[in-house]
Amino acid sequence: MKNKFYQYLQYLQDQIVAGLEAVEGNAKFREDIWERPEGGGGRTRVIENGKVFEKGGVNISAVHGKLPEAMRQLFNVSEADFFACGLSLVMHPKNPMVPTVHANWRYFEMYDTSTTLNTGSRKVINSWFGGGQDLTPYYLFEEDAIHFHQTCKNSCDKHNSDFYPTFKKQCDEYFWNTHRNEARGIGGLFFDYCKETNEMRMDDWYNFVTEVGNSFLEAYVPIVEKRKDLPFTEAQRTWQEIRRGRYVEFNLVHDKGTLFGLKTNGRIESILMSLPPHVQWVYDNHPEGGSEEEKLIKVLEKPKNWIVD
């Protein structure tokens, strides 16, 4: 499964980069191939200073080795080896009318170091899929939110009608800045620890996760195309940078993927690729009553159901 999924991630990275470069029309992604001393490595692709995208990255990695102490405590195991692979992307657009987008699809295996199978491989004692995709607008266009969520729901419904409401709720709960008492964005999907059950075999989870991955460009690119050439003011650009500050706060304080990378000696440049290039923290900032900025805040304070059956 790990080889099958990582092969898919390489394909998906190529597809997404090509799709985003077609929208950008100016800058190109640069590529870095890197190795992790403890085992594994990855392929980082980053774009900067484009006409549409101010900064972004579409990164894949496959790392393995001894499970670090902090992770052993988290999983309540005395000693184990691990393998983890994933694709993680964040795109920060230049125009504040275009939302930031984040997506991640990952697979994890944990091994019993005391047991070797007849094939010479180690016994897998745990494995699961995780991932999702979510949108962080600076100005709220409700039709964009509906389009993004409808695309997510369409992918989920092909596998289980309960997936969208379940994973949408988990997304709202996960991407919550508790110290601000507001959401990072308008959500999407978030799923984790998707393990084998009587109802869902690992191949079933693979099919679902790849379905969501394949839907990413359909979910995001039409929004970018619609908003990238809209006019904006310097004041709106300032608001974008203030809201980016909230994005940074979540990633550095709450995000499990960031913390996992830091605790497993991950590649710092790839981990912190998610941070936007220009950010402001303005003391005691509050949007004007009745403004478009306040409209966004009200939605972030109480997650909304964008799809009504």
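Residues numbered from 1 in each chain as written. Predicted model: local features only at pLDDT ≥ 70, side-chain atom pairs only at ≥ 80, totals over all residues. Heavy atoms only, no water.

1. Side note on the packing of helix 3 (residues 142–157) against helix 4 (residues 163–174)
Point 1. The contact between helix 3 and helix 4 brings their axes to 8 Å, and the two run at 130°. Classified by the interaxial angle, the pair formed by helix 3 and helix 4 is oblique. Here helix 3 runs over helix 4; the crossing is right-handed. Facing H149, C152, K153 and C156 of helix 3, the residues of helix 4 in contact are F163, Y164 and K168.
Point 2. Considering only residue class, the contact of helix 3 with helix 4 consists of four nonpolar, one polar and two charged. (Axes fitted to C-alpha atoms, helices over the stretch in contact; angles between N-to-C directions. Helix = DSSP H or I, 4+ residues; strand = E, 2+ residues; numbered from the N terminus. Parallel < 35°, antiparallel > 145°, perpendicular 65-115°, else oblique. Left-handed = near helix turned anticlockwise from the far one by under 90°. Contact = heavy atoms within 4.5 Å. Nonpolar A, V, L, I, M, F, W, Y, C, P; charged D, E, K, R; others polar.)

2. Considerations on the nonpolar core
Point 1. Counting 67 residues, the largest nonpolar core has F5, L89, W105 and Y220 as its most contacted members.
Point 2. Sequence-distant contacts of F5, defined by excluding residues within four places in its chain, comprise C85, W105, R106, Y107, F129, Y206, V209 and T210.
Point 3. Counting eleven residues, the second-largest nonpolar core is a separate cluster that includes M71, F75, F82 and F108. (Core = buried A, V, L, I, M, F, W, Y, C linked by side-chain atoms within 4.5 Å. Buried < 20%, exposed > 50% of the residue type's maximum accessible area, 1.4 Å probe, protein only.)

3. As for the side chain of T258
Point 1. Mapped onto the secondary structure, T258 falls in helix 8 (residues 256–263).
Point 2. When its relative accessible area of 7% is taken as the criterion, T258 is described as buried.
Point 3. A polar contact is formed between the side chain of T258 and the backbone oxygen of N251, at a distance of 3.4 Å. (Polar contact = N/O pair within 3.5 Å; in protein donor to acceptor, adjacent residues only side chain to side chain.)

4. Looking at the packing of helix 3 against helix 6 (residues 216–227)
Point 1. The interhelical angle for the contact between helix 3 and helix 6, taken along N-to-C directions, is 160°, at an axis separation of 8 Å. Classified by the interaxial angle, the pair formed by helix 3 and helix 6 is roughly antiparallel. Viewed along their axes, helix 3 and helix 6 form a crossing whose handedness is right-handed. Residues E143, D144, H147, F148 and T151 of helix 3 form the contact with helix 6, whose participating residues are E218, A219, P222, I223, K226 and R227.
Point 2. Its residues assigned to classes, the contact of helix 3 with helix 6 shows four nonpolar, two polar and five charged.

5. Details of unusual backbone geometry
Point 1. In this model, Y193 sits at a positive phi of 50°, which is unusual for a non-glycine residue.
Point 2. Within the secondary structure, Y193 sits in strand 9 (residues 187–194).
Point 3. Overall, the relative accessible area of 37% leaves Y193 in the partly exposed class.
Point 4. In this model, D284 sits at a positive phi of 50°, which is unusual for a non-glycine residue.

6. Things to note about helix 10 (residues 292–301)
Point 1. Among all positions in helix 10, only E293, L296, I297, V299 and L300 are buried. Burial along helix 10 is one-sided: seen end-on, the buried residues are contained in an arc of 160°. (Arc of directions from axis to C-beta.)

7. Section: the side chain of T136
Point 1. Note that T136 resides in strand 6 (residues 122–136).
Point 2. Residue T136 is classed as buried on the basis of its relative accessible area, which comes to 4%.
Point 3. Excluding residues within four positions of it along the chain, T136 makes contact with P99, T100, R184, G185 and Y247.

8. Quick look at the pattern of salt bridges
Point 1. Using the criterion set out here, one finds 25 salt bridges in the structure.
Point 2. D14 is paired through a salt bridge with R43; the nearest N and O atoms lie 3.5 Å apart. In this pair, D14 sits in helix 1 (residues 2–24) while R43 sits in strand 2 (residues 40–48), placing the two residues 29 residues apart along the sequence.
Point 3. Two residues, E143 and R227, come together in a salt bridge whose shortest N-O distance is 3.0 Å. Residue E143 is located in helix 3, and its partner R227 is located in helix 6; the two are separated by 84 residues in the primary sequence.
Point 4. Note on R227: relative accessible area 7%, which makes it buried.
Point 5. Among the charged side chains, a salt-bridge network with shared partners connects D14, E31, R43 and R45. (Salt bridge = Lys/Arg side-chain N within 4 Å of Asp/Glu carboxyl O.)

9. Overview of helix 1
Point 1. Over its 23 residues, helix 1 runs 32 Å from end to end, which matches the ideal 33 Å to within 8%, given 1.5 Å per residue.
Point 2. Within two residues after helix 1, G25 carries a phi angle of roughly 75°, on the positive side. (Expected span 1.5 Å × (residues − 1).)

10. Some points on the packing of aromatic side chains
Point 1. On inspection of all chains with the given rule, the structure shows 24 aromatic pairs.
Point 2. Taking the centre distance of 6.1 Å and the plane angle of 70° together, the rings of W205 and F208 count as edge-to-face. Taken as a pair, W205 and F208 lie in helix 5 (residues 202–214) at a separation of three residues, close to a single helical turn.
Point 3. Since its relative accessible area comes to 0%, F208 is described here as buried.
Point 4. Aromatic ring contacts, followed pair by pair, group F5, Y8, Y11, Y107, F129 and Y206 into a single cluster.
Point 5. The aromatic ring of F83 is capped on one face by K2, whose charged end is 5.0 Å from the ring centroid.
Point 6. Between R227 and the ring centre of F141, over which it is positioned, the NZ or CZ distance is 3.8 Å. (Phe/Tyr/Trp six-rings, centres within 6.5 Å; stacked < 30°, edge-to-face > 60°. Lys NZ or Arg CZ within 6 Å of the ring centre and 35° of its normal.)

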